[in-house]
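Chain and residue survey
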Amino acid sequence: WSCRVLWSKEQVQKDWAIARENAQKTLKGMEGSQKMALIQGSDGGNGYAGFVNMQYIIAGAQALTMNDGPQGYNTYQERLRGTSTQFPALLSVSASFDPETSRQYAEAVVEEFVTKGSNVMLGPDVEVTRATLTGRSFETISGEDPFLGSQLVQPFVIAVQQKGVISTVKHWLDNNQEIYRQTMNVEVGDRAQHEIYMPVFKAAFDAGAAAVMCSYNKVYGEHTCQNSRLLKDLLRRDLGFQGFVMSDWGATHNATASVLGGLDVEMPTGKHVKDISAVFWTNDKLEPAVDEMATNVLSSMHYVGQFDGRFPVEGMLPKYGAIDSDATSDAHRLVARTVIEDSAVLLKNSNDALPLQTKGLKIAMVGHFCNETEDKKYKQGSVWSGGGSGYVFTDKGTTPLQGVKAHIKDAASIEFSKDASAAAAADVAVICVAAHGEEGWDRANFSLPEAAELAAGVRKTNSKAKLVVLAAVPGAVTTEWLEGVDAALLMFMPGEQVGPAVARLLTGKAQPSGRLPISLPKQDEKRFTTKQYPGECPGKQKWCEHLIANFSEDVLVGYRWNDAKDVPSAFPFGFGLSYTEFELKDFDVQCSDGSMKVSVQVANVGSHTGSAVPQVYVGFPSLKPALRQLRGFSKVRLEKGKETTVHFELGEEDWSYFDVGLQRWVSAAEKGEKVTVSIGTSSADLVHTKELACGHGEKVNVRRVLQ
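Some details on the packing of helix 11 (residues 330-343) against helix 14 (residues 498-507)
At a minimum axis separation of 9 Å, helix 11 and helix 14 run at an interaxial angle of 45°. As summarised for this structure, helix 11 and helix 14 are arranged oblique, according to the angle between their axes. Like other packed secondary-structure pairs, helix 11 and helix 14 cross with a definite hand, here right-handed. On helix 14, the residues touching Arg337, Ile340 and Glu341 of helix 11 are Val498, Pro500, Ala501, Arg504 and Leu505.

Now the structure itself:
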């Protein structure tokens, strides 16, 4: 599978044109009250997160039944616990570095939405992670890189909408912290906006995403859901979005400002928008604005086939009782487990500590998380899944201890203790630790609780035991605890299938093939000033509702900051070990007519089957202050002793930057600059590099956004 998702942007545009034409036909003859019903949420949602009631309003139309995900169907109700699968977090999909994993994940999740009768998925989250302490860092498919997110979001969106379910990309825009998220303001430059924060949205829209959710925060001093610069200029004009804009729940503040500013649907109800009908006659701009809003909603429904029977309904509502259905299946649990395996990052593996040779082995499982799925200390979420609107209640969760006992039958013994005592006579001690993240608040620090203490305890109890750490994290953590361990596996909020996945990873039945979608910082890293994150208040207050976060680091997000500041991370973006060894050789770069072909030979020179992820980074003088950016990757599974050639195709958009003065994209070729192409195993581990001139030197379309 190439990292360039196979789809036709031209066909997407043709389908949107047809959908809009059909929407305009549907709109003809509708009364004002009918149009108003399309642009606001309704009460009586039958248990869904959001409900737009079209019953008796439009012939052949079904109600819009909106629900969270996208990390599984959130039932919200304790009585429905276990009727939907608790999939790994979207950050796990990001860590897979594999568009095919994203497609399979989305297909499984959307099948449960269809079973539950929900025809609008509130996801995926695509925000590029700027501040890695943000409480919802586990929810994003992008990690810290817009190109990574762009390649993964397209197969996700396509898979969801092929089932007649509208995919809602969120949160537009600059929603990068939970602290005072509903009132805080973001100041951000145009270059960072176009190069870092907008591209993943653009990629989703190019793949046909039919809805976008505007966020709670302010940008440029204005709430996003009434911000015409964001919703009309950047979203519609620059990115070409053709679907509908819905507010986050309660993110609408002023009816007239929202309607004229570019909002299409207020959720969860029309608290503000309902008042528009009373002032129609005093503002001649409102009626055409409402027509446009209603057309956008209908266009999206037509685009995904909801008027053509693609989404199954009885009459105009989902089948009665669908929300109570058990949507889980063995096939979905297999997908959940496989995603964990494909995204698990092997941080350390001294002396081939893993995989374990279990016959006759004395195994100790150490730490209370080895035998827990719930932790009462958390306000939201659970041990293996982050909290908030994306959380899925499950009663099918398995623990690492259960998984190990179920899958390893030839060990001499498998013992468990919350402290280090079980390790006293063990050959290997497996320590289970977890950090937690949830919606509504940011994490206080990057520490991984109990990791260092448990590792020290095991070493004191039994200095000869092999020591392996299993860590579940919602985002970046520091890794000072690694010094005293032999091996470490990092998982990003793995969900209910953590037990069997862990057992397979430990024994080598599955290969950890994830790569870090975020850089892991050293303990002393000082990335932000207070003014940058979490922001400052007017006056001398430390905290206030109207916090202002200044994104003055501009494009230096994630590994770009580490490279430009010459401050190495503890583990760089794209890093991940394997149970085998790979060699990258015969690197070649050729340019012709503004197109670049890159190839490299990947050889498995180790003793196990495994997956390599060669990564292409591109730099050029005008990219500064950034030194390089990811512009290609490919996941290649090879048996031991095998090799293959991996090909990448790059174009002028891959060596272009957004010129703030000109307000358009400018290529290195246009400026007569050479391009540096590197290939490696992470953003910091570059194996081969070549510099060359490439391109026609023509102007890049002003609306072209890096994908």
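With respect to the state of the cysteines
By definition, a disulfide links two cysteine residues through a covalent bond between their sulfur atoms. Using the criterion set out here, one finds four disulfides in the structure. Covalent S-S linkage joins cysteine 537 and cysteine 544, the inter-sulfur distance amounting to 2.3 Å. Since a negative S-S torsion denotes a left-handed disulfide, the cysteine 537-cysteine 544 link at about -115° is left-handed. No difference in accessibility class separates cysteine 537 from cysteine 544, as the two residues are buried. Each sulfur of the disulfide joining cysteine 591 and cysteine 694 lies 1.6 Å from the other. Where cysteine 591 bonds to cysteine 694 through sulfur, the torsion about that S-S bond is close to 80°, and the disulfide is right-handed. On the criterion of sequence distance, the pair formed by cysteine 591 in strand 17 (residues 582-592) and cysteine 694 in the segment after strand 27 (686-692) is long-range, its members being 103 residues apart. Residue classification places cysteine 694 among the buried positions, given a relative accessible area of 4%. When the bonded cysteines of the protein are numbered from the N-terminus onward, they pair as 1-2, 3-4, 5-6, 7-8.

Structural notes on the environment of aspartate 524
Of note, aspartate 524 is situated in the loop between helix 14 and strand 16 (548-550). According to the relative accessible area criterion, aspartate 524 is exposed, its value standing at 60%. Counting along the chain gives 46 residues from aspartate 524 to threonine 478, while the straight-line C-alpha distance between them is 9.5 Å.

Quick look at the pattern of salt bridges
What the rule picks out here adds up to 35 salt bridges. Among the salt bridges present, the one from glutamate 21 reaches lysine 25, with a minimum N-O distance of 3.8 Å. With a gap of four residues between them, glutamate 21 and lysine 25 both fall in helix 1 (residues 9-27), about one helical turn apart. Look at glutamate 21 and you get partly exposed, because its relative accessible area is 43%.

Conventions used here
- Residues numbered from 1 in each chain as written.
- Predicted model: local features only at pLDDT ≥ 70, side-chain atom pairs only at ≥ 80, totals over all residues.
- Heavy atoms only, no water.
- Axes fitted to C-alpha atoms, helices over the stretch in contact; angles between N-to-C directions.
- Helix = DSSP H or I, 4+ residues; strand = E, 2+ residues; numbered from the N terminus.
- Parallel < 35°, antiparallel > 145°, perpendicular 65-115°, else oblique.
- Left-handed = near helix turned anticlockwise from the far one by under 90°.
- Contact = heavy atoms within 4.5 Å.
- Disulfide = S-S within 2.5 Å.
- Buried < 20%, exposed > 50% of the residue type's maximum accessible area, 1.4 Å probe, protein only.
- Salt bridge = Lys/Arg side-chain N within 4 Å of Asp/Glu carboxyl O.

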